[in-house]
Amino acid sequence: MRLLIMGPPGAGKGTQAEIITKKLGIPHISTGDMFRKAIKDGTAMGKKAKAYIDAGQLVPDDVTVGIVKERLSEADCAEGFLLDGFPRTVPQAEALDDILNELGVKLDKVISLEVPQEIILHRLTGRRICKGCGSSYHISNNPPKVAGKCDKCGGELMQRTDDTEETVASRLRVYEQQTAPLINFYESHHIICHIKGDQPIEQVLQRIGNCLGRDLA
Ligand code: ADP
Ligand code: ADP
Ligand code: ZN
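Residues numbered from 1 in each chain as written. Chains lettered and ligands numbered in written order. Predicted model: local features only at pLDDT ≥ 70, side-chain atom pairs only at ≥ 80, totals over all residues. Heavy atoms only, no water.

> Quick rundown of the layout of surface pockets? Include the residues and the values.
One water molecule sets the probe size; rolling that probe over the atoms shows where empty space is left. Taken as a whole, the second largest pocket spans an internal volume of roughly 470 Å³. Elements with a contribution of two residues or more to the lining of the second largest pocket: helix 2 (31-41), helix 3 (44-54) and strand 5 (127-130). In terms of residues, the lining of the second largest pocket owes the most to one element, helix 2, which gives five residues. Within the lining of the second largest pocket, the residues separate by chemical class into six nonpolar, three polar and nine charged. (1 Å grid on protein atoms, 1.4 Å probe; cavity = no way out; pocket = protein on both sides within 12 Å on 5 of 7 lines; lining within 4 Å. Points joined across faces, edges and corners; volume = space filled by probe spheres on them. Helix = DSSP H or I, 4+ residues; strand = E, 2+ residues; numbered from the N terminus. Nonpolar A, V, L, I, M, F, W, Y, C, P; charged D, E, K, R; others polar.)

> Quick one: what's the story with the coordination of the zinc ion (ligand 3), residue by residue and with numbers?
For the zinc ion (ligand 3), the full set of protein donor atoms is Cys130 (SG), Cys133 (SG), Cys150 (SG) and Cys153 (SG), at a range of 2.3 to 2.4 Å. The sequence pattern describing where the donors of the zinc ion (ligand 3) fall on their chain is C-x2-C-x16-C-x2-C. In this pair, cysteine 133 sits in the loop between strand 5 and strand 6 (136-138) while cysteine 150 sits in the loop between strand 6 and strand 7 (157-158), placing the two residues 17 residues apart along the sequence. Given a relative accessible area of 40%, cysteine 133 falls into the partly exposed group. (Donors = N, O, S within 2.8 Å, 3.2 Å for Na, K, Ca; no water. Buried < 20%, exposed > 50% of the residue type's maximum accessible area, 1.4 Å probe, protein only.)

> Which residues make up empty space enclosed by the protein, and what are the values?
Counted according to the given criterion, the structure contains one cavity of 30 Å³ or more. Size it by volume and the largest cavity reaches roughly 60 Å³. Every residue lining the largest cavity is listed: Ile5, Met6, Gly7, Lys13, Gly85, Phe86, Pro87, Arg88, Tyr175 and Thr179. Only strand 1 (2-6) and helix 7 (165-179) provide two or more residues apiece to the lining of the largest cavity. A breakdown of the residues in the lining of the largest cavity according to their chemical character gives five nonpolar, three polar and two charged.

> Can you tell me about the site of ligand 1, naming the residues and giving the values?
Lys13, Thr31, Gln57, Arg88 and Arg171 are the nearest of the 19 residues found near ligand 1. In the model, a nitrogen atom of ligand 1 is placed 2.8 Å from a nitrogen or oxygen of the threonine 31 side chain. In the model, a nitrogen atom of ligand 1 is placed 2.9 Å from a nitrogen or oxygen of the glutamine 92 side chain. Considered on its own, ligand 1 offers 560 Å² of accessible surface; in the complex 96% of this is hidden by protein. It is helix 2 that provides the largest number of residues to the shell around ligand 1, a total of four residues. (Near = heavy atom within 4 Å. Polar contact = N/O pair within 3.5 Å; in protein donor to acceptor, adjacent residues only side chain to side chain. Areas by Shrake-Rupley, 256 points an atom, 1.4 Å probe, with all protein chains shown as cover.)

> So, the pairing of strand 5: which residues are in play, and what are the values?
When strand 5 meets strand 6, the two strands line up antiparallel, connected through three bridges. By the bridge assignment for strand 6, isoleucine 129 is matched with serine 136. In this sheet, strand 7 lies alongside strand 5 in antiparallel orientation, the contact comprising two bridges. In the sheet register, isoleucine 129 faces strand 7, and the bridge partner there is methionine 158. (Pairing = 2+ DSSP bridges.)

> Provide a residue-level description of the environment of glutamine 159, including the pertinent values.
Position of glutamine 159 relative to the elements: it lies in the loop between strand 7 and helix 7. On the accessibility criterion, glutamine 159 (38% relative accessible area) is partly exposed. It is 6.6 Å that separates the C-alpha atoms of glutamine 159 and arginine 127, two residues lying 32 residues apart in sequence. The residues contacting glutamine 159, other than those within four sequence positions of it, are Thr125, Arg127 and Arg128. Among the polar contacts made by the side chain of glutamine 159, one reaches the main-chain carbonyl oxygen of threonine 125 at a distance of 3.2 Å. (Contact = heavy atoms within 4.5 Å.)

This is how it looks when you write it as structure tokens:
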């Protein structure tokens with residue numbers, strides 16, 4: 001399946017994407033994770049991206065589209081993939097259409113996770129991610145089995161540098177202005193599932209499964 005998951009920061013995209021891709025055996029392509037890896041590796045692209053990310057701004061479209069195009073051309077994407085956090089602007093969505101046309105494939109579904117703003121701040125300030133594998137936890141909603149340690153790889157958990165109250169406010173504005181219009185873009189393609197994201201992780205997963213016609217439990 002070729003899937004895309006979208007929603008505001010903290011909607012639960014990464015959490016759901018991790019479970020769905022494991023279950024369906026397709027790669028999880030998160031532009032946020034790709035940028036964080038580039039920053040950790042100290043690449044030139046990472047250095048450029050970090051300034052935008054820490055300011056709560058979007059990384060420029062040309063950089064972002066370039067890395068996605070490269071990634072989607074890799075062999076493991078031939079049978080399907082899940083894009084998480086891309087596209088985030090209308091020009092990115094148009095570029096994605098072009099990339100998919102070139103590859104001769106189409107998106108099967110777009111999952112739109114919908115969560116009210118008042119819940120988002122609590123989710124993002126309580127979010128912790130694994131230094132090793134990037135898995136996302138929440139100090140109260142989705143805690144690891146051992147405090148401060150990743151269930152999957154034992155790595156140390158940390159707070160993202162962009163999950164501060166100040167940066168979150170900017171990210172939410174950017175979402176409303178630049179990313180929310182994509183819901184209409186995909187609405188006109190008739191492939192969007194609207195999923196209520198402010199319910200327990202398992203229930204959100206089940207609703208996504210219903211929309212995809214797959215048992216994800
Ligand atoms: P969240 O999980 O909070 O939605 P991500 O991990 O997806 O955040 O992204 C973190 C940051 O990386 C974004 O705030 C933005 O600066 C940058 N980023 C990620 N994806 C994109 C994209 N498609 N276009 C531009 N910038 C992006
Ligand atoms: P996104 O990738 O959309 O930014 P994440 O998947 O990282 O969002 O989730 C943001 C935070 O909210 C994390 O701390 C995560 O553990 C928590 N979370 C995810 N889904 C839910 C849910 N359904 N209910 C409560 N908390 C959730
Ligand atoms: Zn880990």
